[in-house]
Amino acid sequence: MEVKTSLLDNMIGVGDMVLLEPLSEDSFLENLRKRFDHSEIYTYIGSVVISMNPYRSLPIFTPDKVEEYRNRNFYELSPHIYALADEAYRSLRDQDKDQCILITGESGAGKTEASKLVMSYVAAVCGKGQEVNKVKEQLLQSNPVLEAFGNAKTVRNDNSSRFGKYMDIEFDFKGDPLGGVISNYLLEKSRVVKQPRGERNFHVFYQLLSGASDDTLKKLKLERDFSKYNYLSLDSAAVNGLDDAANFRTVRNAMQIVGFMEDEVQSVLELVAAVLKLGNIEFKPESRCNGTDESRVKDKNDLKEMCELLGIEQSVLERAFSYRTVEAKLEKVSTTLNVAQAYYARDALAKNLYSRLFTWLVSRINESIKAQAKTRHKVMGVLDIYGFEIFEDNSFEQFIINYCNEKLQQIFIELTLREEQEEYVREGIEWTNIEYFNNAIICDLIENNQNGILAMLDEECLRPGTVTDETFLDKLNTICAEHQHFESRLSKNSKFLTDHSLPHSCFRIQHYAGKVLYRVEGFVDKNNDLLYRDLSQAMYKANHSLIKQLFPEGNPAKVNLKRPPTAGTQFKTSVGTLMRNLQTKNPNYIRCIKPNDKKASHIFTESLVCHQVRYLGLMENVRVRRAGYAFRQAYEPCLERYKMLCKKTWPHWRGPAREGVEVLMADLQVPAEEFSYGRSKIFIRNPRTLFFLEERRRQCLQDLAALIQKIYRGWKCRSRFLLMKKSQVVVSAWYRRYAQQKKYKQVKSATTVVQSYTRGWQARKLLRELKYQKRCEEAVTTISAFWHGTQARRELRQLKEEARNKHAVSVIWAGWQGTKARRELRRLKEEARRKHAVAVIWAFWQGLKVRREYRKFFRANAGKKIYEFTIQRIMQKYFLGLKSSMPSMSPIDRKWPARPYRFLDGVHTELRRIFHLWRCKKYRGQFTEERKAVYEEKLEASEIFKDKKALYPSSVSQPFKGDYLEISKNPKYQKLNSAVDEKVLLADVVNKINRANGKGTARIFLLTKKSVLLADQKTGQVKASVPLPDVASVSVSTQSDGFFALKLKEGSASAVKGDFLLSSEHLIEIITKLHRIGATAADREQLNVDISDEFLVQFKQDKVCVKFIQGGPKNGSSVSCKRKNNRLLEVSVPTTA
Ligand SMILES: Nc1ncnc2c1ncn2[C@@H]1O[C@H](COP(=O)(O)OP(=O)(O)OP(=O)(O)O)[C@@H](O)[C@H]1O
Ligand SMILES: [Mg+2]
């Protein structure tokens, strides 16, 4: 039964006060001091951790330490806050019990640090992963933000929490954090406008001024110098060991991690700056005619800057500092504010602004750290609330703070001392009562709904008539006079009439932690927490998203005449909720103790520690623990937890749980004095017994795990074996089949080989026999052939001999015949030569005779005949040659063969002309009617313009399209199309030349058989319609421009507006078409086309001369028209190359 734990061995002093011998206040303090001197700051009272503030950093919060305490039993290692955090976390994770960590102690005792240690430990040991780490990081980083805005330097603590904080961390079933919820309690907002001597305003103001960049400060209209701001106390602006600038960077970084947007951070800083500016606004009195004083803002610069920061109209805020509007049910009454009231209003606004900003920050953080998953979660609450405070001057805030501490003490008493003792009685365990002080009576003095101090303060605040702090004190003096914890100089029982330590304007309460003297001044105001409606309305009107949110009551649409609950009531309600919440959770206590008042390490001021030990009720706590039992558990869970330690109860116990536990304890041979059986629980006296049970359970669990592992492994191996066996059968079957197949194939191929050899051998044998037979046959044949051959050759030789003889005879005969024939041939040739010579000589002789006779006839006739014959032959040859070298049928083919003789010139040219005309006729014969019309148009154009206008040559190759705009198809011109009832012959965009400046305006030019129309290019609206009979003539220049003037008949209806001077890229086509219509219309005379470089155009009344000049290179490549004077428009036409 020997359990070795380091809590009990090698310990400095005693690690658990329950084990202290002898137990007295002195030995208690001595033990604390001894441990404190050896840097052992943690000591247990059972499961409660006492934490002494070391005021220096100790090497006991390292990651190694976290590992050391991780998953270890509470009593296994020396006392540490990590042990408590581990115990709480494990029972949350493994036993599904919601936990709360209650950290109490006076200001500066180390509560906030302890809460951070608990959170960082839990963060280190719980699950990991990207998402989980992000949640952890956000939870941890919420601290620097809240500390910057909610903590301040006080005389007791350089980083004193000026608000209460309760944080619920939510976990999933695996123990991974999901998120959290922070509740904040009453920020000490009076600090914003005034700080006691030696104290500072909230950290954030100093951090902003020291740490923000010059640029940021400029934007916020701030200066770095603290002394420029009335709201910042200067005597302790710089705090030792506190680097405001670095902290500012930390806070900004933390805000970013928590999830604040950049514009949200900017808004928050603007509000902080606005509070500082607000403090600098000062007022002066201004007398009114009715004799009263009215306040006026002294120097409006700060007011202006503040209004600019918050987007408030300066006049609205200025008015709110001078007037106050009181709204009754149907009336609105406006009264002026004097200077004091204006200052009061200013401070109230600053306090409200700041405290609402703080509340907004908390809700914004909550939004970020809210658990995303909707699954059921387990909760660990960490409560870090302001510590008990006794100052020289204690006001409403201290009263509230101390009330809260009273309530916490109450819950501690409830859950530890009283609950414990009552439980023993309830369970029927023999027990001697331990006396302890129950502070319920003090709580009642403060919070009782009928005659509690808070109720009376509310009553006073709501009462009509003059209400002052004094009337409130009078009321207390009457109602609480008899209360044993209430003291006042003028209380009705006059007990304290002569007590000079008790001023007239004060009352004193004997708190559980000591007597505190409260000055009543400001109680009523602070409880009322009034902000004039004009101010909240001014704030609501601000053009600043955050401010608007902070002052919803300023919305004139939501005027609520009901008073909001007082500050005291609000606090009482939220503390009540907190207490109910805490009661539903399993509590874990950390009792913080402050070793000295100097914030110094290594100093242990006994009187101070003794005072804290007394009021925290630690001695009673130890006594109750010692007298009682260290551990208790209901029979069912106890049996469930330890039943594996006994064969009779494992694995199932069929009887009642209590009997099972009895059997179990008997089996384990636990000495009877170590435990008691209650009605529903077993009580274990000594922690060692519990360790013994736990250790046995751990071993047993290991054995069970080994057994389960063994069976599982056996099952796994067997299944694997069976599977392998089955597989092996399959594999071997497959293998055998394969082997047999292979063998069969081998035998088969061997058989084939043997067979083939045998067959080969047999075949060869047969072959040999056959070959032999064949050879024999061949031999016979050969022999007979030889025999026949010999005979034949012999016969041949005989025949050859005969033939040779015959041949010699015939050769000799032939030779003889040849010689005879050649001799005859020579003779015949000689004869023929002689005959030819005779004939030639005869012919010459005859010729000579004939020529001599006919010479005279030849000269008269034969020459002419020969000439005619020769000419005839030449012509014949010429025509035949022409026929074979005719050119192609294309009318544009200019080729024609060259003439062979000069005398053929005329014929040659005429033939060429006739041929050309003939092929043109053939070409024309192929034309359709449309093409014919086109060529006719072209022909007409040529007649009008050829050699008259320089533009003409370039138009020859361009086909005349007529409708360039596709009027009938284009939906854009649908309207225009419907306005024209004739067929459109030509549609094009032309420029209508403005007489005033010579510039052109684009117009649609439509030509039909009856009229010319000009329409707007964009809208298609018809601007002018001229019937063709009204057109007298058209004038164009000789040059390459597209200008033309439509001249109208004088006196015609269209002539009223004057002639049209237009320009078009298709000028040749337009004029030709116009001319053609004139030519075809029976009722009209031919249209005149004037081609000249100067012509007159009638514009309304005036005649203007349009003159065309050949432009130099200056004009560039475009035609330009300029007005020279009233009567002259000059058109410069670029020289065509
Ligand atoms: N465990 C610790 N190790 C080192 N220093 C500590 C520790 N606990 C507290 N301190 C020191 O004591 C100072 C005050 O501690 P802390 O702010 O936690 O007090 P508190 O109980 O929260 O006071 P208050 O009620 O005023 O908020 C800390 O700023 C720190 O310097
Ligand atoms: Mg604190």
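Residues numbered from 1 in each chain as written. Chains lettered and ligands numbered in written order. Predicted model: local features only at pLDDT ≥ 70, side-chain atom pairs only at ≥ 80, totals over all residues. Heavy atoms only, no water.

As recorded in an unreviewed UniProt entry, the protein chain goes by the name Unconventional myosin-Ib, listed as coming from Stegastes partitus. The record held by UniProt for the protein chain lists under Sequence similarities (unreviewed entry) the comment "Belongs to the TRAFAC class myosin-kinesin ATPase superfamily. Myosin family." The UniProt entry for the protein chain carries the following text under Subcellular location (unreviewed entry): "Cytoplasm, Cell cortex". (UniProt positions renumbered as here; feature names shortened; annotations may be inferred.)

*Asks:* I tried to follow the overall build of the protein chain on my own but got confused; where do I start?
*Replies:* The secondary structure content of the protein chain amounts to 31 helices and 31 strands. A compact globule built from 1137 residues should have a C-alpha radius of gyration of about 32 Å, whereas the protein chain, at 65 Å, is more than 25% larger. Oriented by its inertia axes, the alpha-carbon framework of the protein chain measures out at about 205 × 140 × 50 Å. Sequence separation of at least 24 residues holds for 64% of the intrachain contacts in the protein chain that already meet a minimum separation of 6. Accessible surface, the protein chain as shown: approximately 62,600 Å² in total, 54% of it carbon and sulfur. A distance of 21 Å separates the average location of the 184 positive side-chain charges in the protein chain from that of its 138 negative side-chain charges. (Helix = DSSP H or I, 4+ residues; strand = E, 2+ residues; numbered from the N terminus. Rg over C-alpha atoms; globule rule 2.2 N^0.38 Å. Contact = heavy atoms within 4.5 Å. Areas by Shrake-Rupley, 256 points an atom, 1.4 Å probe, with all protein chains shown as cover. Lys, Arg positive; Asp, Glu negative; His and termini not counted. Charge placed at Lys NZ, Arg CZ, Asp CG, Glu CD.)

*Asks:* How should I be thinking about the packing of aromatic side chains in this particular structure?
*Replies:* Remark: the centre distance and the inter-plane angle together describe each pair of aromatic rings, the angle taken between the planes. In total, this model carries 38 aromatic pairs according to the counting rule given. One aromatic cluster in this structure is built from Phe396, Phe399, Phe472, Phe486, Phe507, Tyr518 and Phe523. Geometry around tyrosine 540 places lysine 548 over its ring, the cationic atom sitting 4.7 Å from the centre. (Phe/Tyr/Trp six-rings, centres within 6.5 Å; stacked < 30°, edge-to-face > 60°. Lys NZ or Arg CZ within 6 Å of the ring centre and 35° of its normal.)

*Asks:* Hey, could you run me through the UniProt feature "binding site: ATP" (unreviewed entry) in the protein chain in this one?
*Replies:* Sites flagged by UniProt as "binding site: ATP" (unreviewed entry) map to Gly105, Glu106, Ser107, Gly108, Ala109, Gly110, Lys111 and Thr112. Looking at where glutamate 106 falls in the secondary structure, it is placed in the loop between β3 (99–104) and α4 (111–125). By the element assignment, glycine 108 lies in the loop between β3 and α4. Once you skip the residues sitting within four places of it in the chain, glycine 108 turns out to touch Asn53, Tyr55, Arg156, Asn157 and Lys594.

*Asks:* Whenever I open this one, the sheet that holds strand β19 (residues 681–684) confuses me. Can you help?
*Replies:* Within a sheet, adjacent strands bond to each other through the backbone by hydrogen bonds, running parallel or antiparallel. One open sheet holds the 3 strands; their spatial order is β17-β19-β18, and the pairing between them is antiparallel. If you trace the sheet from one side to the other, it starts and ends with β17 (631–634) and β18 (675–677), each paired once. Looking at each pair of strands side by side, their axes are set apart by 15° on average, direction ignored. Helix α24 (residues 635–642) contacts β17, β18 and β19 of the sheet and is inclined by roughly 100° relative to β17. Along the sheet, helix α25 (residues 657–668) makes contact with β18 and β19, crossing β18 at roughly 155°. (Pairing = 2+ DSSP bridges. Axes fitted to C-alpha atoms, helices over the stretch in contact; angles between N-to-C directions.)

*Asks:* When you look at the sheet that holds strand β21 (residues 1000–1008) in this model, what are you seeing that I'm missing?
*Replies:* Here 8 strands make up an open sheet; going across it, the order is β23-β22-β21-β20-β26-β25-β24-β27 and the pairing mixed. The sheet is open, and its two borders are formed by β23 (1022–1027) and β27 (1088–1091), each paired with just one other strand. Neighbour to neighbour, the strand axes of the sheet diverge by 30° on average, direction disregarded.

*Asks:* Help me understand the coordination of the magnesium ion (ligand 2) in this model?
*Replies:* Tetrahedral coordination by four donors sets the ideal angle at the metal to 109.5 degrees; octahedral coordination by six donors sets it to 90 or 180 degrees. In this structure, Thr112 (OG1) and Ser161 (OG) serve as the protein donors to the magnesium ion (ligand 2), at separations of 1.9 to 2.1 Å. Of this pair, threonine 112 sits in helix α4 while serine 161 is found in strand β5 (residues 160–161), placing the two residues 49 residues apart along the sequence. Comparing threonine 112 with serine 161, the two get one shared label, buried. (Donors = N, O, S within 2.8 Å, 3.2 Å for Na, K, Ca; no water. Buried < 20%, exposed > 50% of the residue type's maximum accessible area, 1.4 Å probe, protein only.)

*Asks:* What is the right way to look at the confidence of the model for the protein chain in this model?
*Replies:* Parts of the prediction with low pLDDT should not have their coordinates interpreted in detail. With 96% of its residues at a pLDDT of at least 70, the protein chain reaches an overall mean of 87. Counting interchain partners and residues more than four positions distant, the pLDDT-below-50 stretch residues 1–6 has 14 contacts. (pLDDT = per-residue confidence, 0-100.)

*Asks:* Whenever I open this one, the domain arrangement of the protein chain confuses me. Can you help?
*Replies:* Many structure descriptions define interface size as the accessible area lost when the parts assemble. According to the domain assignment, the protein chain contains domain 1 (270–357 + 527–553), domain 2 (631–700), domain 3 (879–925) and domain 4 (929–1134). Measuring from the centre of the C-alpha atoms in domain 1 to the corresponding centre in domain 3 gives 114 Å. (Domains from an automatic or database assignment.)

*Asks:* Is there a simple way to think about the pattern of salt bridges in this case?
*Replies:* Opposite charge on two side chains permits them to pair, given that their charged atoms come into close proximity. Throughout the structure, instances matching the rule amount to 64 salt bridges. Of the charged contacts, one joins aspartate 529 and lysine 189 as a salt bridge, the two residues approaching to 2.7 Å between their closest N and O atoms. Of the two residues, aspartate 529 is situated in the loop between α18 (523–528) and α19 (533–540) and lysine 189 in the loop between β7 (177–185) and α6 (190–193); the sequence distance between them amounts to 340 residues. A network of salt bridges, in which partner residues are shared, links Arg162, Glu188, Arg191 and Glu199. (Salt bridge = Lys/Arg side-chain N within 4 Å of Asp/Glu carboxyl O.)

*Asks:* For this particular structure, what's the right way to read the site of ligand 1?
*Replies:* Around ligand 1 sit 19 residues in total, of which Ser107, Lys111, Thr112, Ser160 and Ser161 are the nearest. One of the backbone N or O atoms of glycine 110 is found 3.0 Å from an oxygen atom in ligand 1. Asparagine 159 has a polar backbone atom sitting 3.4 Å from an oxygen atom of ligand 1. Elements with a contribution of two residues or more to the shell around ligand 1: α4 and β5. (Near = heavy atom within 4 Å. Polar contact = N/O pair within 3.5 Å; in protein donor to acceptor, adjacent residues only side chain to side chain.)

*Asks:* Help me understand unusual backbone geometry in this model?
*Replies:* Note: most peptide bonds trans; most residues except glycine with negative phi. Of note, the amide linkage connecting tryptophan 650 to proline 651 takes the cis form, showing an omega dihedral of 5°. Inspection of the secondary structure assignment puts proline 651 in the loop between α24 and α25. For lysine 221, which is not glycine, the phi dihedral falls at a positive 60°. Relative to the helices and strands, lysine 221 resides in the loop between α8 (214–219) and α9 (244–258). Unusually for a residue other than glycine, lysine 599 sits at a positive phi of about 55°. Here lysine 599 is to be found in the loop between β16 (586–593) and α22 (606–615). A relative accessible area of 25% places lysine 599 in the partly exposed class.

*Asks:* How do you make sense of the side chain of threonine 43 when you look at a structure like this?
*Replies:* Inspection of the secondary structure assignment puts threonine 43 in strand β1 (residues 42–45). At 3.0 Å, the side chain of threonine 43 and the side chain of arginine 35 are in polar contact. Setting aside its immediate chain neighbours within four residues, threonine 43 contacts Val14, Gly15, Met17, Asn31, Leu32, Arg35, Val48, Val49, Ile50 and Pro79.

*Asks:* How should the pairing of strand β20 (residues 984–993) be read in this particular structure?
*Replies:* The pairing of β20 with β21 spans 9 bridges and is classified as antiparallel. Each residue of the ladder has a partner; that of valine 990, found in β21, is arginine 1003. Of the pairings in the sheet, the one linking β20 to strand β26 (residues 1060–1063) comprises 2 bridges and is antiparallel in character. Bridging from a neighbouring strand, lysine 992 pairs with leucine 1062 of β26.

*Asks:* Just to check I follow, could you spell out the packing of helix α7 (residues 203–211) against helix α10 (residues 262–279) for this structure?
*Replies:* In a pair of packed helices, the angle between the axes and the distance between the axes together describe the arrangement. Relative orientation of the contacting elements α7 and α10 amounts to 100°, with a least axis distance of 11 Å. Of the possible angle classes, the one that applies to α7 and α10 is roughly perpendicular. Taking contact as the criterion, the partners of Val204, Phe205, Leu208 and Leu209 in α7 are, on α10, Leu269, Val272, Val275 and Leu276. In the contact of α7 with α10, the residues fall into 8 nonpolar, no polar and no charged. (Parallel < 35°, antiparallel > 145°, perpendicular 65-115°, else oblique. Nonpolar A, V, L, I, M, F, W, Y, C, P; charged D, E, K, R; others polar.)

*Asks:* Please explain the nonpolar core as it appears in this structure.
*Replies:* The nonpolar side chains of soluble globular proteins are, as a tendency, buried together. With 184 residues, the main nonpolar core has Phe28, Phe149, Leu317 and Phe507 as its most contacted residues. With 14 residues, the single largest contributor to this core is helix α13 (residues 339–369). If near-sequence neighbours (up to four positions away) are discounted, phenylalanine 149 is found in contact with Leu187, Phe202, Val204, Val268, Val272, Tyr354, Leu357, Phe358 and Leu361. In terms of nonpolar packing, the next biggest core, distinct from the first, is built from 32 residues, Phe945, Phe960, Ala1024 and Val1034 among them. (Core = buried A, V, L, I, M, F, W, Y, C linked by side-chain atoms within 4.5 Å.)

*Asks:* Just to check I follow, could you spell out a nonpolar patch on the surface for this structure?
*Replies:* On the surface, Trp842, Trp845 and Leu848 cluster together into a nonpolar patch covering about 330 Å² of accessible area. Along the chain, tryptophan 845 turns up in helix α26 (residues 687–884). Relative accessible area serves as the criterion here: at 42%, tryptophan 845 is assigned to the partly exposed category. (Patch = residues over 30% accessible without salt bridge, like charges linked within 9 Å, V, L, I, M, F, W, Y side chains within 5 Å.)

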